[in-house]
Amino acid sequence: MDTNKVTEADCHTAHLTPQLIISKKRQNDEPHTAAEISWFIQQFMKGNVKDYQMTAWLMAICLNGMTNQETAALTEAMVQSGEVMDWSLCESLPAIPHKVDKHSTGGVGDKVSLILAPLVASFGLLVPMMAGRGLGHTGGTIDKLEAIPGYRTQYSAKDFAELLLTETNGESGGKEPVGVAIVSPSQDICPADKRMYALRDVTGTVRSLALQTSSIMSKKIAERPDSLVLDVKFGKGSFNSSIEESIELAKSMIQTGELCGIRTTAFITRMDNVLGYTVGNWLEVRECIEIMRMGESASLTTLCWQRSEDLIEVTLALAGQMLVQGGKATTLKQGITMCKEHLLNGKAWKRFKEMVRIQGGDLTCVENYPDAKYSVSFGKATPHPHSKFNTTENHLTLMFGC
C-alpha cells in the first residue's frame, strides 16, 4: 500500500483542524458536512483530537443541536469507527433472509426481547440483536439472559454472523438457519460511541437529542439490518417521563435510520408500571418462558394472559410490525395474528431453546427451571386509590418512517 498516496477524501479535509470544527458548531451559522464529521471522529480515534476538544464540540452540539443530516452523518461516522456486520455468509443460502431488529429505550421489567427475537425468527427472518446491560433503574436484556447458566453473550462480528446461520431442523424436515441470537456489542463495535459517551457522562452532555440518537442508532446500524422497529417508552418507569420527549426521540431515530438506508418505524409505549408481573433477571426469564409455553394447556394460557397481558400485547405488536417489514405479513393486524399463533403453537418456544443451545446455555435449567432455595410470600397489595394501571391498548402508537 502506498502511504504517500493522496485520496480524494484527503483533498476535501486537508484544511480541517479541530478548532475549525468546534468553532463552526459553536457559531452554528451553517451545518457540518458529512466529510467534516467523519474527519473529526476519525481524528478523535487516532488521538489527534484530544478529549477536551471533543468535549467542547459535544457541548456545542448540546447547546445548538444538529440537523437530521448531521445526526445521520455522526451516526455513520460512529459506525465506521469500528467493526461492522458482514453478511456475505448469507450468499451461500438459497434465499437471503430479511434481517430485522428491534430496539427499546428500556424500562422497569422490559423483557420483550426475550420473547420477540425467537418469535420473529420462527417465521424465517434473521434477528441479529445486539442488546445492552442495565442502565440506571432499568434492567438489561443481557443481564437477564446471563441468568441462564452458561449463556454466552460476547462474540466477534464474524462469530455473531456464523451463530445466526447455525443450522437447525426446519418445519419441513430440512435444515434452516436458527436465525436469532442476542449478544452484547463487542468492544470493536462503535468504539467512538463508547469513548464519547464516557465524556458526555462527566460533562453534563447526556441529554442531547442528536447525541442520544446517534449513540442508540450507531450500534443498531452496525448490525446492517434491512429494517428496524423501535419501542420508545415514556412514563415513570422509563428514561423519558413525558410523551412529548419520546415522540421527539422517535422522530429523530426514524429520520436517522432512514437517512442511513434502513427502513425504520417506531412505537410509542407507556411505561408507568412494570411490564408483566416480575422484576429481577431470572424471574423475568421465567415469566417469558411461561408465556412461550402457554399453549401447552388452557389453564396456563389463561394464567399468562391474566398476569402478563400488557407484556404479551406489546410483544405481539412489535413482532407483528417486524413481520410486515420483513415481508411475511401485509398488515400489522395480520402480523399480530400470525405471531399470536406461533406463541401458542410452541414455535417461538422451540426457537428460543435453539438460541439458548447455540449460545451455550443450560437447556435443562430452561426446560425445568428450579425453584428458588429461599422464598418469602407476600399478601396481595391493596392498590392506592389514585393509582391507575395503564394498559398498552390505550397507550400504544405507531409512527412510520419516510
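Residues numbered from 1 in each chain as written. Predicted model: local features only at pLDDT ≥ 70, side-chain atom pairs only at ≥ 80, totals over all residues. Heavy atoms only, no water.

## Describing the overall build of the protein
Looking only at helices and strands, the protein features 16 helices and eight strands. In the protein, the proportion of contacts linking residues at least 24 apart, taken out of those at least 6 apart, comes to 75%. Surface accessibility of the protein: about 18500 Å² in total, with carbon and sulfur atoms responsible for 53%. (Helix = DSSP H or I, 4+ residues; strand = E, 2+ residues; numbered from the N terminus. Contact = heavy atoms within 4.5 Å. Areas by Shrake-Rupley, 256 points an atom, 1.4 Å probe, with all protein chains shown as cover.)

## What to know about the nonpolar core
Looking at soluble globular proteins, one finds that nonpolar side chains tend to be buried together. Residues V120, I148, I182, L343 and F352 are the most contacted members of the largest nonpolar core, which totals 88 residues. With eleven residues, the top contributor of residues to this core is helix α13 (residues 298–325). The residues touching I148, leaving out its near neighbours within four places in the chain, are W282, V285, F352, V356, G361, D362 and V366. Core analysis: the next-biggest nonpolar cluster, separate from the first, contains 23 residues, I21, W39, F40 and L74 among them. (Core = buried A, V, L, I, M, F, W, Y, C linked by side-chain atoms within 4.5 Å. Buried < 20%, exposed > 50% of the residue type's maximum accessible area, 1.4 Å probe, protein only.)

## Description of the packing of aromatic side chains
Any aromatic ring pair is given by two values, namely how distant the centres are and how the planes are angled relative to each other. The tally for this structure, following the rule as stated, stands at two aromatic pairs. Their ring planes at 55° and their centres at 4.8 Å tell us that F40 and W57 sit as a pair that is tilted. One end of the pair, F40, is in helix α3 (residues 34–46); the other, W57, is in helix α4 (residues 51–64), with 17 residues separating them in the sequence. Of the two residues, F40 and W57, both sit in the buried class. Geometrically, the ring pair formed by W349 and F352 is stacked, given 6.1 Å between the ring centres and 20° between the ring planes. Placement of the pair is W349 and F352 together in helix α15 (residues 347–358), with a separation of three residues, close to one helical turn. For the pair formed by W349 and F352, the shared burial category is buried. The ring of F44 carries the charged tip of R195 above its face, separated from the ring centre by 4.0 Å. (Phe/Tyr/Trp six-rings, centres within 6.5 Å; stacked < 30°, edge-to-face > 60°. Lys NZ or Arg CZ within 6 Å of the ring centre and 35° of its normal.)

## Brief notes about helix α2 (residues 18–27)
Restricting attention to buried positions, one finds in α2 the residues P18, I21, I22, K24 and K25. Down the axis of α2, the buried side of the element spans an arc of 160°, and every buried residue falls inside it. Buried residues belonging to α2 abut α3, α4 and α5 (68–80). (Arc of directions from axis to C-beta.)

## Details of the environment of S246
Tracing the chain through its elements places S246 in helix α11 (residues 243–259). For S246, a relative accessible area of 0% puts it in the buried group. As for S246 and D231, which are separated by 15 residues in sequence, their C-alpha atoms are 9.8 Å apart. Setting aside residues no more than four positions away along its own chain, S246 makes contact with V232, K233, F234, N240 and I268. Of note is the side chain of S246, whose polar atom sits 2.6 Å from the backbone oxygen of K233. (Polar contact = N/O pair within 3.5 Å; in protein donor to acceptor, adjacent residues only side chain to side chain.)

## Description of helix α10 (residues 209–221)
Taking 1.5 Å per residue as the helical rise, α10 with its 13 residues ought to reach 18 Å, and the 18 Å between its terminal C-alpha atoms agrees with that figure. Among the residues making up α10, those that are buried are A210, L211, T213, S214, S215, I216, M217, S218, K220 and I221. (Expected span 1.5 Å × (residues − 1).)

## Considerations on the pairing of strand β6 (residues 227–234)
Every regular strand shows the same layout, with side chains that alternate between the two sheet faces. Summarising burial for β6: eight of the eight residues are buried, a large majority. Neither face of β6 is open: one carries S227, V229, D231 and K233, the other L228, L230, V232 and F234, and all of them are buried. Across five bridges, strand β1 (residues 100–104) lies against β6 in parallel orientation. When the sheet's bridge partners are listed, S104 is paired in β6 with D231. As paired elements, β6 and strand β7 (residues 263–270) share eight bridges and run parallel to each other. For S227, the partnering residue across the bridge sits in β7 and is R263. Where the polypeptide runs from β6 across α11 and back to β7, its parallel neighbour, the crossover connection is right-handed. (Pairing = 2+ DSSP bridges. Right-handed = clockwise from strand over helix to strand, strands pointing away.)

## Brief notes about the packing of α3 against α5
Where α3 contacts α5, the axes come no closer than 9 Å and their chain directions differ by 35°. Between α3 and α5 lies a crossing of right-handed hand. Seen from α3, the contacting residues are A34, I37, S38 and I41; seen from α5, they are E70, A73, L74 and A77. (Axes fitted to C-alpha atoms, helices over the stretch in contact; angles between N-to-C directions. Left-handed = near helix turned anticlockwise from the far one by under 90°.)

## Topic: unusual backbone geometry
Trans is the prevailing form of peptide bonds, just as negative phi is the prevailing case for residues other than glycine. Not every positive phi belongs to a glycine, and N28 is a case in point at roughly 60°. On the accessibility criterion, N28 (31% relative accessible area) is partly exposed. Positive phi outside glycine occurs at C190, with the angle close to 50°. With respect to the element layout, C190 can be found in the loop between β5 (180–183) and α9 (191–203). Look at C190 and you get buried, because its relative accessible area is 0%.

## Considerations on the pairing of β1
Within β1, five of the five residues are buried, which leaves the element mostly enclosed by the surrounding structure. Covered by surrounding structure in β1 are V100, K102 and S104 together with D101 and H103, the residues of both alternating faces.

## Topic: the side chain of E36
Residue placement: E36 occurs in helix α3. Separated by 3.0 Å, the side chain of E36 and the backbone nitrogen of T33 make a polar contact. Those residues in contact with E36 that lie beyond four places of it in its chain are L16, I21, K24 and P31.

## Description of the side chain of S186
Relative to the elements of secondary structure, S186 occurs in the loop between β5 and α9. On the basis of relative accessibility, which here comes to 8%, the residue S186 falls in the buried class. When near neighbours in sequence (up to four residues on either side) are disregarded, S186 contacts E83, Q154, Y155 and K194.

Function-wise, these values are silent; they only describe arrangement.
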